[in-house]
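Structural overview for review
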Amino acid sequence: QVQLVESGGGLVQAGGSLRLSCAASGRTFSSTAMGWFRQAPGKEREFVAGISWNGGSTYYADSVKGRFTISRDNAKNTVYLQMNSLKPEDTAVYYCAARSGAYEPPRPYPYAYDYWGRGTQVSVSS
């Protein structure tokens, strides 16, 4: 069992930066692939970034590649999403998610993840 709590969201102007954190509880965190997803009003939840259990592999949606960076600190049971050069279209609720199987790779599909946080709002003004 893994519980996830996101933090770090807020309101920022276009071109600004935010750093999201996802604190995880549970002994399996260090062997679990993690992902960040987002959902804007009226839209489906979409993949943003994923990271393997040891941080050795990372994956990004084309829309955020070069602007966002996912990382993890297994000693702190925390995953981060550094978001730079934010755009109004990045406005959404951002969710942290964890896969349940040990050493599975991250996947860009919500159905591949078994544990979800409650989300944190990111709003980017133009």
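An account of the accompanying structure is given in this report.

What counts, and at which threshold
- Residues numbered from 1 in each chain as written.
- Predicted model: local features only at pLDDT ≥ 70, side-chain atom pairs only at ≥ 80, totals over all residues.
- Heavy atoms only, no water.
- Helix = DSSP H or I, 4+ residues; strand = E, 2+ residues; numbered from the N terminus.
- Rg over C-alpha atoms; globule rule 2.2 N^0.38 Å.
- Buried < 20%, exposed > 50% of the residue type's maximum accessible area, 1.4 Å probe, protein only.
- Phe/Tyr/Trp six-rings, centres within 6.5 Å; stacked < 30°, edge-to-face > 60°.
- Core = buried A, V, L, I, M, F, W, Y, C linked by side-chain atoms within 4.5 Å.
- Contact = heavy atoms within 4.5 Å.
- Salt bridge = Lys/Arg side-chain N within 4 Å of Asp/Glu carboxyl O.

1. Regarding the overall build of the chain
The number of helices and strands found in the chain is zero helices and eleven strands. Counting from the amino terminus, helix and strand elements in the chain follow one another as β-β-β-β-β-β-β-β-β-β-β. Relative to the globule expectation of 14 Å for 126 residues, the C-alpha radius of gyration of the chain, 13 Å, shows essentially globular dimensions. For the chain, the spread of C-alpha atoms along the three principal axes comes to 40 × 30 × 25 Å. Counting all 126 residues of the chain, 42% fall into the buried class.

2. So, the packing of aromatic side chains
Evaluation of the coordinates by the stated rule reveals seven aromatic pairs. Consider the rings of Phe37 and Phe47, whose centres lie 5.6 Å apart with planes at 75 degrees: the pair is edge-to-face. Remark: Phe47 occurs in strand S5 (residues 46-51) and Phe37 occurs in strand S4 (residues 34-39); sequence separation between them is ten residues. You can call Phe37 buried: its relative accessible area is 0%. By relative accessible area, Phe47 is classed as buried at 13%.

3. Looking at the nonpolar core
In this structure, Met34, Trp36, Leu81, Met83 and Tyr94 are the most contacted members of the largest nonpolar core, which totals 32 residues. Mapped onto this core, the elements with two or more residues apiece are strand S3 (18-25), S4, S5, strand S7 (68-73), strand S8 (78-83), strand S9 (92-98) and strand S11 (120-125). Among the elements that line this core, the one with the most residues is S9, at five residues. Contact partners of Met83, with chain neighbours within four places excluded, come to Gly16, Ser17, Leu18, Leu20, Arg67, Phe68, Tyr94 and Val122.

4. Re the pattern of salt bridges
All chains considered together, the criterion is met by five salt bridges. Here Arg38 ties to Glu46 by a salt bridge, and the two come within 2.6 Å at their closest N and O atoms. The salt bridge partner of Arg99 is Glu104, with a shortest N-O separation of 3.4 Å. Ionic contacts of the salt-bridge type, sharing partners, join the residues Arg38, Glu46, Arg67 and Asp90 into one network.

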